[in-house]
Amino acid sequence: MQQASKLQGLHSSAQHALRPSVRSCVRVAAGKGFGVVKAPPKKDYWNGRAPLQPMQISPMRPVPASIPRPPYADRGLLPDLDNRPQVHNAEGLKKMRAACKLAAEVLAQAGSLVKPGVTTEEIDIAVHEMTIAAGAYPSPRNYGKFPKSVCTSVNEVMCHGIPDGRPLREGDIVNIDVTVYLNGYHGDTSRTFYVGTPSPSTRKLVEANEEALREAIQVCGPGVPCSAIGAACGAVAAKHKLTVVRDFIGHGVGTVFHAAPQIFHHNNNQPGKMQVNQTFTIEPIFVEGSNRVKMWKDQWTATTVDGGLAAQCEHTVLITLTGCEVLTVL
């Protein structure tokens with residue numbers, strides 16, 4: 001699940017979260033983005049596609065009391081970004097690998113359901129049931145009162161889409177973002193799936209996004225500046241004439257859902273270097289047009305302002321003595 005960045009020194013505490021209607025600039029809180037567009041875009045990318053509309057959301061699904069929960073789960077808290085990098089001992093690495101393996105398995109199962117006519121609500125049910133059957137907690141559930149067990153971001157939704165009853169349609173794309181909490185550790189991964197046969201421009205967007213993730217993983221290793229990830233992703237976006245979304249970032253992940261470091265996917269000068277046995281996510285979002293963010297009133301769903309499609313993919317990586325290991329692959 002995506003972490004929202006801090007923009008130009010704005011405080012990241014969840015306590016200052018305000019609805020978009022009372023702000024005239026993009027403002028970001030831990031785990032959420034809030035934005036208001038000052039002027040309409042000069043170009044749109046709808047291509048005859050109708051904008052997505054908010055729909056009624058079904059109730060949150062129950063989790064058996066026997067399954068351990070993360071600290072935020074019962075009260076729906078939205079924690080601040082934990083400033084401690086997630087660096088693990090041998091036992092922690094064992095548990096981290098198990099959580100990431102389960103996340104990858106759940107994502108694969110969820111992706112197999114994607115086809116025209118299936119609703120993202122049905123995908124949420126499948127993710128929820130598979131997660132709790134493994135004795136794990138679906139990390140997005142009640143994180144800052146997020147009402148579902150997985151994020152499903154369709155077409156122009158950049159991230160944090162809430163599963164609902166809209167059937168997927170031929171030519172759509174959908175990002176499925178799975179995070180599970182198993183034995184005290186979070187595993188986090190996502191991928192954008194085609195619904196039916198994609199158009200050439202859609203395929204270009206999704207494949208470029210996946211290329212950026214691969215290139216970013218290649219630069220990872222002990223002592224490498226975290227900013228190298230942004231440089232790698234930015235170079236791929238520029239090559240394909242696409243745009244990187246700046247408002248949402250990767251993050252440390254382990255015993256907490258969102259921790260240091262903040263991983264920016266555009267060219268940046270953020271401080272910090274990678275450490276051996278550290279885990280974090282890399283999760284770039286590419287869009288066809290403008291990277292400005294429009295927030296829905298649910299305070300979670302982040303969309304493009306011009307109808308441009310958005311694609312995202314994500315892995316949790318572990319920094320090793322010789323480079324890195326991707327933990328969320330099967």
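Going by the structure above, here's the rest.
The rules behind each value
- Residues numbered from 1 in each chain as written.
- Predicted model: local features only at pLDDT ≥ 70, side-chain atom pairs only at ≥ 80, totals over all residues.
- Heavy atoms only, no water.
- Salt bridge = Lys/Arg side-chain N within 4 Å of Asp/Glu carboxyl O.
- Helix = DSSP H or I, 4+ residues; strand = E, 2+ residues; numbered from the N terminus.
- Axes fitted to C-alpha atoms, helices over the stretch in contact; angles between N-to-C directions.
- Parallel < 35°, antiparallel > 145°, perpendicular 65-115°, else oblique.
- Left-handed = near helix turned anticlockwise from the far one by under 90°.
- Contact = heavy atoms within 4.5 Å.
- Buried < 20%, exposed > 50% of the residue type's maximum accessible area, 1.4 Å probe, protein only.
- Polar contact = N/O pair within 3.5 Å; in protein donor to acceptor, adjacent residues only side chain to side chain.
- Pairing = 2+ DSSP bridges.

## Re the pattern of salt bridges
Then comes step 1: Tallied over the full model, the rule gives eleven salt bridges.
Then comes step 2: Between Arg49 and Glu156 there is a salt bridge, and its shortest N-O distance comes to 2.8 Å. Within this pair, whereas Arg49 is found in the loop between strand S3 (32–34) and helix H1 (90–112), its partner Glu156 is found in the loop between strand S5 (151–154) and strand S6 (157–159), the two being separated by 107 residues in sequence.
Then comes step 3: The partner of Arg61 in a salt bridge is Asp124, with the nearest N and O atoms 3.4 Å apart. Of this pair, Arg61 sits in the loop between S3 and H1 while Asp124 sits in helix H2 (residues 120–133), and the two are 63 residues apart along the sequence.
Then comes step 4: Three or more residues joined by partner-sharing salt bridges are found here, namely Arg61, Glu121, Asp124 and Lys148.

## Topic: the packing of helix H3 (residues 200–218) against helix H4 (residues 227–239)
Then comes step 1: In the contact formed by H3 and H4, the axes pass within 8 Å of each other and the chain directions differ by 150°. Classified by the angle between their axes, H3 and H4 sit roughly antiparallel to one another. Classified by chirality, the crossing of H4 by H3 is right-handed. In this structure, H3 uses Ala208, Glu211, Ala212, Glu215 and Ala216 to contact H4, whose residues at the interface are Ile229, Ala232, Cys233, Val236 and Lys239.

## Some remarks on the side chain of Thr301
Then comes step 1: With respect to the helices, strands and loops of the structure, Thr301 is situated in the loop between strand S14 (293–295) and strand S15 (302–304).
Then comes step 2: For Thr301, a relative accessible area of 2% corresponds to the buried category.
Then comes step 3: Looking at Thr301, its side chain comes within polar contact range of the side chain of Asp298, at 2.7 Å.
Then comes step 4: Leaving out residues up to four positions away in the same chain, Thr301 has contacts with Val157, Cys159, His160, Gly161, Ile162, Lys294, Met295 and Trp296.

## Brief notes about the pairing of strand S17 (residues 315–319)
Then comes step 1: By the criterion of burial, S17 is predominantly enclosed, with five of the five residues buried.
Then comes step 2: Because side chains alternate across S17, one face comprises the buried residues His315, Val317 and Ile319, and the other comprises Thr316 and Leu318, equally buried.
Then comes step 3: Summarising the sheet, S17 and strand S18 (residues 324–326) pair through three bridges and their orientation is antiparallel. The residue of S18 that forms the bridge with Leu318 is Glu325.
Then comes step 4: Following S17, the chain reverses through four residues before pairing antiparallel with S18.

## As for the sheet that holds S15
Remark on secondary structure: sheet strands pair via backbone hydrogen bonds, oriented parallel or antiparallel.
Then comes step 1: Reading across from one edge, S6-S15-S14 is the order of the three strands in this open sheet, with antiparallel pairing throughout. Unpaired on one side and paired on the other, S6 and S14 mark the two borders of the sheet. Here the average twist between neighbouring strands, direction ignored, is 45°.

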